[in-house]
Amino acid sequence: MWSILTRDTNARRVRIATAVDVDALGAIGPAAYAQAYGDWWADAAALAEHARSFEAPAFGSLLADPQVTVWVAERAGSPVGFLTMHRGERDPVTARANGVELRRIYLLQAATGSGLGRMLATAAIDLARSEGHDHAWLDVMAQAGWAVSAYRRWGFAEIGRKMFENKLRGDLREMIVMSRDI
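Residues numbered from 1 in each chain as written. Predicted model: local features only at pLDDT ≥ 70, side-chain atom pairs only at ≥ 80, totals over all residues. Heavy atoms only, no water.

Here's the deal with helix H4 (residues 116-130)
Next, step 1: Compared with an ideal rise of 1.5 Å per residue, which puts 15 residues at 21 Å, H4 spans 21 Å between its outermost C-alpha atoms and is within 8% of the ideal.
Next, step 2: Summarising burial for H4: 11 of the 15 residues are buried, a large majority.
Next, step 3: Burial in H4 covers these residues: Leu116, Gly117, Met119, Leu120, Ala121, Ala123, Ala124, Ile125, Asp126, Leu127 and Ala128.
Next, step 4: Contact partners of the buried residues in H4: strand E1 (12-16), strand E2 (68-75), strand E3 (78-87), strand E4 (99-107), strand E5 (135-141) and strand E7 (174-181). (Helix = DSSP H or I, 4+ residues; strand = E, 2+ residues; numbered from the N terminus. Expected span 1.5 Å × (residues − 1). Buried < 20%, exposed > 50% of the residue type's maximum accessible area, 1.4 Å probe, protein only. Contact = heavy atoms within 4.5 Å.)

Structure (structure tokens):
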């Protein structure tokens, strides 16, 4: 069992989150989500409701779930992002077993392009591989070209599409499901 995995490079670090991180994650989560997708929502109340799934109580529940590992990204000692890795989930396209879902990968806007996203994914994939999993999958908004491009650079390939369950402005609901062997 890995208690903490770190990768330090130029004051950047990723590690497994603990209970002491819940409040910081609860602040980062809604802010990072709003920075990435806030203007895609047609209804501010619906956005606020969805953002609650990124608050501290949600992270507390994730940390208590033995099927989930939450990673924290730090820059110069301050949390700036996170990734959640979920075991026991089959991808919605092929239903392939023995993988992990990288459900949420978010960085505050000031930390994007720093390499921390890749560091988060690499740490999670390394842990998944060490546990005997053979692939990782995620979904991403089809119109989020910056994210799709990053995931492709990280070795993920499209395996299908699905629709985001919430109503966004216009036709911004299509999601790409991507996977990679590990």
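Picking up where we left off.
Some points on the packing of helix H1 (residues 22-37) against helix H3 (residues 56-64)
Next, step 1: In the contact formed by H1 and H3, the axes pass within 8 Å of each other and the chain directions differ by 125°. Relative to H3, the element H1 is oriented oblique. The two elements H1 and H3 meet at a crossing, and its hand is right-handed. Residues Val22, Asp23, Leu25, Gly26 and Gly29 of H1 pack against Ala56, Phe59, Gly60 and Leu63 of H3. (Axes fitted to C-alpha atoms, helices over the stretch in contact; angles between N-to-C directions. Parallel < 35°, antiparallel > 145°, perpendicular 65-115°, else oblique. Left-handed = near helix turned anticlockwise from the far one by under 90°.)

Some words on the pairing of E4
Next, step 1: With respect to burial, E4 is a largely interior element, 8 of its 9 residues being buried.
Next, step 2: By the bridge criterion, 3 bridges tie E4 to E5 in an arrangement that is parallel. Bridge pairing in E5 links Glu101 to Trp137.
Next, step 3: Once you follow E4 into H4 and on to E5, the crossover reads as right-handed. (Pairing = 2+ DSSP bridges. Right-handed = clockwise from strand over helix to strand, strands pointing away.)

Things to note about helix H5 (residues 145-153)
Since one α-helical turn is 3.6 residues long, residues separated by three or four positions face the same way.
Next, step 1: Listing the buried residues of H5 in full gives Ala147, Val148, Ala150 and Tyr151. All buried residues of H5 fall inside an arc of 160° around its axis, so they share one side.
Next, step 2: Where the residues of H5 are buried, they touch E4, E5 and E7.
Next, step 3: Following H5 by one or two positions, Gly155 has its phi on the positive side, about 95°. (Arc of directions from axis to C-beta.)

Notes on the side chain of Ser114
Next, step 1: Summarising the element assignment, Ser114 is placed in the loop between E4 and H4.
Next, step 2: A polar contact of 2.6 Å, which involves the side chain of Ser114, links it to the backbone oxygen of Ala111.
Next, step 3: If we skip the residues at most four places from it in the chain, Ser114 touches Arg12 and Arg75. (Polar contact = N/O pair within 3.5 Å; in protein donor to acceptor, adjacent residues only side chain to side chain.)

Some details on the packing of aromatic side chains
Next, step 1: Overall, the coordinates contain 11 aromatic pairs when judged by the stated rule.
Next, step 2: Taking the centre distance of 5.5 Å and the plane angle of 45° together, the rings of Tyr33 and Tyr37 count as tilted. Here the residue Tyr33 and the residue Tyr37 both occupy positions in helix H1, the gap between them amounting to 4 residues, near one helical turn. Exposure class is identical for Tyr33 and Tyr37. Each is buried.
Next, step 3: Look at Tyr37 and Tyr106: their rings are 6.4 Å apart centre to centre, the planes differ by 85°, and that puts the pair in the edge-to-face class. Of the two residues, Tyr37 sits in helix H1 while Tyr106 sits in strand E4, which places them 69 residues apart along the sequence.
Next, step 4: The exposure class assigned to Tyr37 is buried, which follows from its relative accessible area of 9%.
Next, step 5: Classification of Tyr106 by relative accessible area gives buried; the value is 13%.
Next, step 6: The lysine or arginine in question, Arg104, covers the ring of Phe54, its NZ or CZ lying 3.6 Å from the ring centre. (Phe/Tyr/Trp six-rings, centres within 6.5 Å; stacked < 30°, edge-to-face > 60°. Lys NZ or Arg CZ within 6 Å of the ring centre and 35° of its normal.)

A short note on the sheet that holds strand E6 (residues 157-163)
Next, step 1: The strand order across the open sheet built from 7 strands is E1-E2-E3-E4-E5-E7-E6, with neighbouring strands paired in mixed fashion. Both outer strands of the open sheet, E1 and E6, are each paired with one neighbouring strand and no more. Strand-to-strand twist across the sheet, computed as the mean angle between neighbouring axes with direction ignored, equals 25°.
Next, step 2: Taken together, the 7 bridges between E5 and E7 define a ladder with antiparallel strand orientation. Pairing of Leu138 across the sheet is with Met178, part of E7.

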